[in-house]
Amino acid sequence: MVKVAVYLVAFYLVYAIMLSRDTSYSRNRVFILLSLALALIFPFITLQTIKPLNIQFFGKFLSEVFITASSNGTKTLNSGSPGAGLLQTVYSIYIIGVIVFVIKLLIDLLNLLFLIIRHKDEGSRIIRFHGFNTSGFSAVGYIFINSRLSPEEAGEIIRHEQNHLKQNHFIDIIFIEFIKAFQWFNPVVYLFNRSLRAIHEYLADQECLSSGVPVVNYQNLLLSQVFKSKAFNLTNSFSNPSLIKKRMVMMTKKRTSALANAKMLIVIPVIGVVFLAISAYREIPRSSVKQIVPVLASQTPSSTESKSELMPPPPPPPPTQSSENKVIAVKEKVKGEITEEAETAPFVVVEEMPMFPGGNDALLKYIAENTNYPEASKEKNINGRVVIRFCVTANGSVSMISVLKSVAPELDAEAMRVVKTLPLFQPGRQGGKAVPVWYMVPITFSLK
């Protein structure tokens, strides 16, 4: 959800700075809906990357474990993350917020359905109500009109709301309300919600004015609804007081030219930077990227010695059909090896990182309690920081253990021994599938 929030912020910045003041309402509506959809999709995309030379920065880097030796024995200290409990509290608050917003969404839907059942006329899509301080709104394929309105006012508002139904604006509202339930902590989703509802009103107003309604009459109708309010959150409300001034301004604003659509291209570099910064990465070992050794060299006949050193050697003969077949076979073999290794290569960042039983604090505590300061290193007064890299496989076991930063053979061996004894993790997941993930842990051996 954090990655979704970051994408939403990037998309909204582009919209607010480049597009929000344009009168290309249909384009802006498409941009907002695509932004919401892509913000949900992009976090599930994984990038392939060749293993870098400095791989210490790739994979989950745990807090440092300190092993301190003294004359009375070995004292173990670790700098485990003190924020684990705080993170759990934040996660609990987030889940409670999601539940509250989902329940609120369902209540609004049920209230609309009950209103339709109570006041529906057979064969009519117009529901007349009383008791709400609103003139009219549309939702779930129906138009709701206040029974206190005059026939002229009711007719204009019904025409306006019919445009909402014709353009399926209610589906947009359900979509963004669903996202808001899971992004309730993100202020940008509320800005998107407000912008999308404003665009709905601009589109409906535009259709009414295009049908021949005088601008002055239409604006007077809007002004008469200033002191009305919205009845339901899931509706397109004609009398939304916070939008009336903007709607009146946009009615008389000069139309945006078609060339202004080119401004949408600015979203490509912006989202590209965000995508590269926060996407999941899978590491491809350099060993899988092999060079194809030309097979033609062995089949090139040796040239005779030239009588003159200035004469260039003769060109090699063209490859035969059999040599071309061998080249194709070598390429297919290398391609198969690269594909196979890429599919099994560990990830460096995933949506759900592996989880040690009890969390990272328990993992650091396990390493600290089970690491012994080698006696040989004590006698030689050797200390330092060993960095161990290991892979948590798709079944939760530990494999591919290696030393990234070495101090001494005894200290390296002890650090690797402890990591080999780690119990099973809950495996990491990418796109709902268990995948291998790199981990790194620094273990510092110090002497008093």
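Residues numbered from 1 in each chain as written. Predicted model: local features only at pLDDT ≥ 70, side-chain atom pairs only at ≥ 80, totals over all residues. Heavy atoms only, no water.

Caption draft 1: The overall build of the chain, seen in detail. Helix and strand content of the chain: 13 helices and 15 strands. In the chain, of all internal contacts separated by at least 6 residues, the share reaching a separation of at least 24 is 76%. (Helix = DSSP H or I, 4+ residues; strand = E, 2+ residues; numbered from the N terminus. Contact = heavy atoms within 4.5 Å.)

Caption draft 2: Broad picture of helix α2 (residues 25-41). Given a rise of 1.5 Å per residue, 17 residues ought to cover 24 Å, and the 24 Å separating the end C-alpha atoms of α2 matches this to within 8%. Restricting attention to buried positions, one finds in α2 the residues Y25, R27, N28, R29, F31, I32, S35, L36 and A39. (Expected span 1.5 Å × (residues − 1). Buried < 20%, exposed > 50% of the residue type's maximum accessible area, 1.4 Å probe, protein only.)

Caption draft 3: Spotlight on the pattern of salt bridges. If you walk through the whole model with that rule in mind, you get 13 salt bridges. One salt bridge connects K166 with E207, and the closest N-O pair in it is separated by 3.8 Å. Residue K166 is found in helix α4 (residues 151-166), and its partner E207 is found in helix α6 (residues 187-210); the two are separated by 41 residues along the sequence. In this structure K166 comes out as exposed when scored by relative accessible area, which is 57%. Owing to a relative accessible area of 33%, E207 belongs among the partly exposed residues under this scheme. Across the pair K380 and E410 runs a salt bridge, and its minimum N-O distance is 3.7 Å. With K380 in the loop between α12 (375-379) and β11 (384-392) and E410 in helix α13 (residues 409-420), this residue pair connects regions lying 30 residues apart in the sequence. Of the residues examined, K380 reaches a relative accessible area of 54% and is grouped as exposed. Look at the salt bridges and you will find they share partners, linking D22, R27 and K263 into a network. (Salt bridge = Lys/Arg side-chain N within 4 Å of Asp/Glu carboxyl O.)

Caption draft 4: Molecular detail of the nonpolar core. If you look at the biggest cluster of nonpolar residues, it comprises 32 residues, and the most contacted ones within it are Y7, F11 and F192. At the level of secondary structure, the elements contributing two or more residues to this core comprise α1 (2-19), α2, α5 (169-182), α6, α8 (241-251) and α9 (267-278). Top contributing element to this core by residue count: α1, with nine residues. The residues touching F192, leaving out its near neighbours within four places in the chain, are L8, F11, Y12, I32, S35, L36 and I176. (Core = buried A, V, L, I, M, F, W, Y, C linked by side-chain atoms within 4.5 Å.)

Caption draft 5: Seen up close, the packing of aromatic side chains. This structure, assessed with the given rule, holds 19 aromatic pairs. Here the aromatic rings of F129 and F137 are separated by 5.6 Å at their centres, their planes lie at 40°, and the arrangement is tilted. Residue F129 is classed as buried on the basis of its relative accessible area, which comes to 1%. Taken together, the ring pairs in this structure connect F11, Y12, Y15, F31 and F192 into an aromatic cluster. Sitting over the ring of Y142, R125 keeps its end group 4.5 Å from the ring centre. Over the face of the ring belonging to W438 we find R389, whose NZ or CZ atom lies 3.8 Å from the ring centre. (Phe/Tyr/Trp six-rings, centres within 6.5 Å; stacked < 30°, edge-to-face > 60°. Lys NZ or Arg CZ within 6 Å of the ring centre and 35° of its normal.)

Caption draft 6: Structural detail: a nonpolar patch on the surface. The grouping of Y91, I95, I99, I103 and I107 at the surface amounts to a nonpolar patch, some 450 Å² of accessible area in total. Take I103: it is sitting in helix α3 (residues 84-119). I103 sits in the partly exposed class, given a relative accessible area of 45%. (Patch = residues over 30% accessible without salt bridge, like charges linked within 9 Å, V, L, I, M, F, W, Y side chains within 5 Å. Areas by Shrake-Rupley, 256 points an atom, 1.4 Å probe, with all protein chains shown as cover.)

Caption draft 7: Focus on the layout of surface pockets. Its volume calculated, the second largest pocket comes out at about 310 Å³. If you go around the second largest pocket, you meet 14 residues; those closest to its centre are S20, S195, A198, Y202 and K246. Every element with two or more residues in the lining of the second largest pocket is listed here: α1, α6 and α8. For the lining of the second largest pocket, the element with the highest residue contribution is α6, accounting for five residues. Classifying every residue of the lining of the second largest pocket gives eight nonpolar, two polar and four charged. (1 Å grid on protein atoms, 1.4 Å probe; cavity = no way out; pocket = protein on both sides within 12 Å on 5 of 7 lines; lining within 4 Å. Points joined across faces, edges and corners; volume = space filled by probe spheres on them. Nonpolar A, V, L, I, M, F, W, Y, C, P; charged D, E, K, R; others polar.)

Caption draft 8: Region of interest: the side chain of E161. Along the polypeptide, E161 turns up in helix α4. Buried within the structure, E161 lacks any salt-bridge partner; R247 is the closest side chain of opposite charge, at an N-O distance of 6.8 Å. Apart from residues no more than four positions distant in its own chain, E161 is found in contact with G136, F137, S138, I143, N236, S237 and F238. (Lys, Arg positive; Asp, Glu negative; His and termini not counted.)

Caption draft 9: Inspection of the environment of W438 at higher detail. One can find W438 in strand β15 (residues 437-447). Through-space distance from the C-alpha of W438 to that of V392 is 6.3 Å; in sequence the pair is 46 residues apart.

As far as function goes, none of this settles anything; it's purely spatial.
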